[in-house]
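Overview (structure and organization)
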Amino acid sequence: MTRSKLLFVSLGATALLYVGLSDQARAQLQEITGKDGASMVLVPAGEFPMGSEEGEEDEKPVHRVHLDAFYMDKHEVTVGQYAKFLEATNREAPPRWNIMNESRHQKRPVVNVDWADADAYCRWAGKRLPTEAEWEKAARGTDRRIYPWGNDRPSKSRAYYHASFFSKTEWNDHAALGIVGLLEDGKSPYGIYDMAGNVWEWTNDWYDNTYYKTSPTRNPKGPERIDGKLKVVRGGSWVSGPVKLRSANRHDVDPTHRDLNQGFRCAKSP
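Treat the numbers as computed from the prediction; the structure is a model and nothing was measured.

1. Topic: the pairing of strand β9 (residues 231-234)
A two-sided burial pattern is seen for β9, the buried positions comprising K231 and V233 on one face and V232 and R234 on the other. In terms of strand pairing, strand β8 (residues 200-206) meets β9 through three bridges, oriented antiparallel. Directly across from W202, in β9, lies its bridge partner V233. Of the strand pairs in this sheet, β9 and strand β10 (residues 251-253) are connected by three bridges, and their pairing is antiparallel.

2. Structural notes on the packing of aromatic side chains
In this description, an aromatic ring pair is defined by two values, namely the gap between the centres and the angle between the planes. As enumerated under the stated definition, the model contains nine aromatic pairs in all. Geometrically, the ring pair formed by Y82 and Y121 is stacked, given 6.0 Å between the ring centres and 20 degrees between the ring planes. Placement of the pair is Y82 in helix α2 (residues 79-89) and Y121 in helix α4 (residues 115-124), with a sequence separation of 39 residues. Y121 gets classed as buried once you look at its relative accessible area, which sits at 0%. Ring geometry for Y121 and F264: centres 5.4 Å apart, planes at 70 degrees, overall edge-to-face. In this pair, Y121 is assigned in helix α4 and F264 in the loop between β11 (262-263) and β12 (267-268), connecting sequence segments 143 residues apart. The same class applies to Y121 and to F264, which are both buried. Ring-pair connections join several aromatic residues into one group, and the members of that group are Y82, F85, W97, Y121, W124 and F264. The ring of Y161 is capped by K156, whose NZ or CZ atom sits 4.4 Å from the centre of that ring. Here the guanidinium or amino end of R250 rests over the ring plane of Y212, the centre of that ring lying 4.5 Å away.

3. Topic: the pairing of strand β5 (residues 46-50)
Burial runs high along β5: four of the five residues are buried. Of the strand pairs in this sheet, β5 and strand β6 (residues 63-67) are connected by five bridges, and their pairing is antiparallel. By the bridge assignment for β6, F48 is matched with V65.

4. So, the sheet that holds strand β4 (residues 39-43)
Spatial ordering of the open sheet is given by β3-β4-β7-β12, a layout of four strands whose pairing is antiparallel. Two strands close off the open sheet at either side, each with one partner strand: β3 (31-33) and β12. Two strands pair when backbone bridges link them, and β4 and strand β7 (residues 70-73) are joined in this way by four bridges, in the antiparallel orientation. In the sheet register, L42 faces β7, and the bridge partner there is Y71. Where helix α5 (residues 132-140) meets the sheet, it contacts β4, β7 and β12, and its direction lies at approximately 70 degrees from that of β7.

5. Comments concerning the pattern of salt bridges
Using the criterion set out here, one finds 20 salt bridges in the structure. The residue R128 makes a salt bridge to E134 at a minimum N-O spacing of 2.8 Å. Looking at E134, the relative accessible area reads 8%, which means it is buried. In this structure, E132 and R250 form a salt bridge, with 2.6 Å as the shortest nitrogen-oxygen distance.

6. Some words on the state of the cysteines
Evaluated as defined, the whole model comprises one disulfide. One disulfide bridge connects C122 with C266, the sulfur atoms lying 2.4 Å from each other. Disulfide C122-C266: the torsion about the S-S bond is -90 degrees, which places it as left-handed. Of the two residues, C122 sits in helix α4 while C266 sits in the loop between β11 and β12, which places them 144 residues apart along the sequence. The exposure classification of C122 matches that of C266, with both residues buried.

7. Considering the sheet that holds β11
Judged by pairing direction, the sheet is mixed, and its four strands sit side by side in the order β10-β9-β8-β11 without closing on themselves. The two strands at the open ends of the sheet, each matched to only one other strand, are β10 and β11.

Conventions and cut-offs
- Think of each chain on its own: its residues are numbered from 1, step by step along the sequence as written.
- Selection of residues for local features in this predicted model requires a pLDDT of at least 70, selection of side-chain atom pairs for listing and counting requires 80 or more, and totals for whole chains, interfaces and linings are taken over all residues.
- Only heavy atoms go into the side-chain values, all of them from the structure, while hydrogens and water stay out.
- Using a 1.4 Å probe on the protein chains alone, a residue whose accessible area is under 20% of its type maximum counts as buried, one over 50% counts as exposed, and one in between counts as partly exposed.
- Strands here are runs of E lasting at least two residues and helices are runs of H or I lasting at least four, both read from the DSSP assignment and numbered beginning at the N terminus.
- Pairing between two strands is assigned when DSSP locates at least 2 bridges connecting them.
- Two rings from Phe, Tyr or Trp (for Trp, the six-membered ring) form a pair when their centres sit within 6.5 Å of each other. Planes less than 30 degrees apart are called stacked, planes more than 60 degrees apart edge-to-face, and all others tilted.
- Whether a charge lies above a ring is judged from NZ of Lys or CZ of Arg, which has to be within 6 Å of the ring centre and within 35 degrees of the ring normal.
- The criterion used for residue contact is that any of the two residues' heavy atoms lie within 4.5 Å.
- Lines are fitted to the C-alpha atoms to define the axes, a helix being fitted only along its stretch in contact, and any angle between axes, read from their N-to-C directions, falls within 0 to 180 degrees.
- We define a salt bridge as a contact between a side-chain nitrogen of Lys or Arg and a carboxyl oxygen of Asp or Glu at a distance within 4 Å.
- Note that a disulfide, as used here, is simply two cysteine sulfur atoms within 2.5 Å.

What follows is the structure, given as structure tokens:
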């Protein structure tokens, strides 16, 4: 078959992966639209170094992980998107929803959602929560950069954050959170926005502070629950300092916990 002919493999109802296409045609397939109307970006298959020797003990050792290709939401799930989910499912709204759901906040991330809320939304949208490994690769790529944009320290053009921790009264009726997709300087290597700051993002994995010592080298999905009581959130938030915004930083949270700085985004397997 000549190079001009198209070979393709089905990726399900939402996309096709073409083999042997021009670079321009391939580029057009790097982004798809999910059932919920959200743009999703392809993170290609391959290895990346996960963890950090300069970080906390639970980020060690640095270990190479191979992930199959997956799609990640380009933006954190917004109030407007979550409103459609609530309307379609009659699920109970999160605390302070009447404040979040004002017209001026529709493009800011939804917060006060626990792990089950985030999981339910992703399933409703035909997606899933990302694994911890998927989240880290989507945030930092393959070159061991510290932050999604590189190794330079955070700035207000790169992330919604504070240099030190503030009182939750700074939430200011949800106005402390940033509108998603505005900070071009803060994008990850795959063009994904706000993976540092704005909201901590739920992942699918249970937390184990020694997991990296025994983690599988291909498509790790976190430890079995057994004694697991905490889930992993990633990325830092609007109240975080620079250390928490590092892409390798891990944070453990009770899955039933709701907070004004916790949100999520979804992933999807081809």
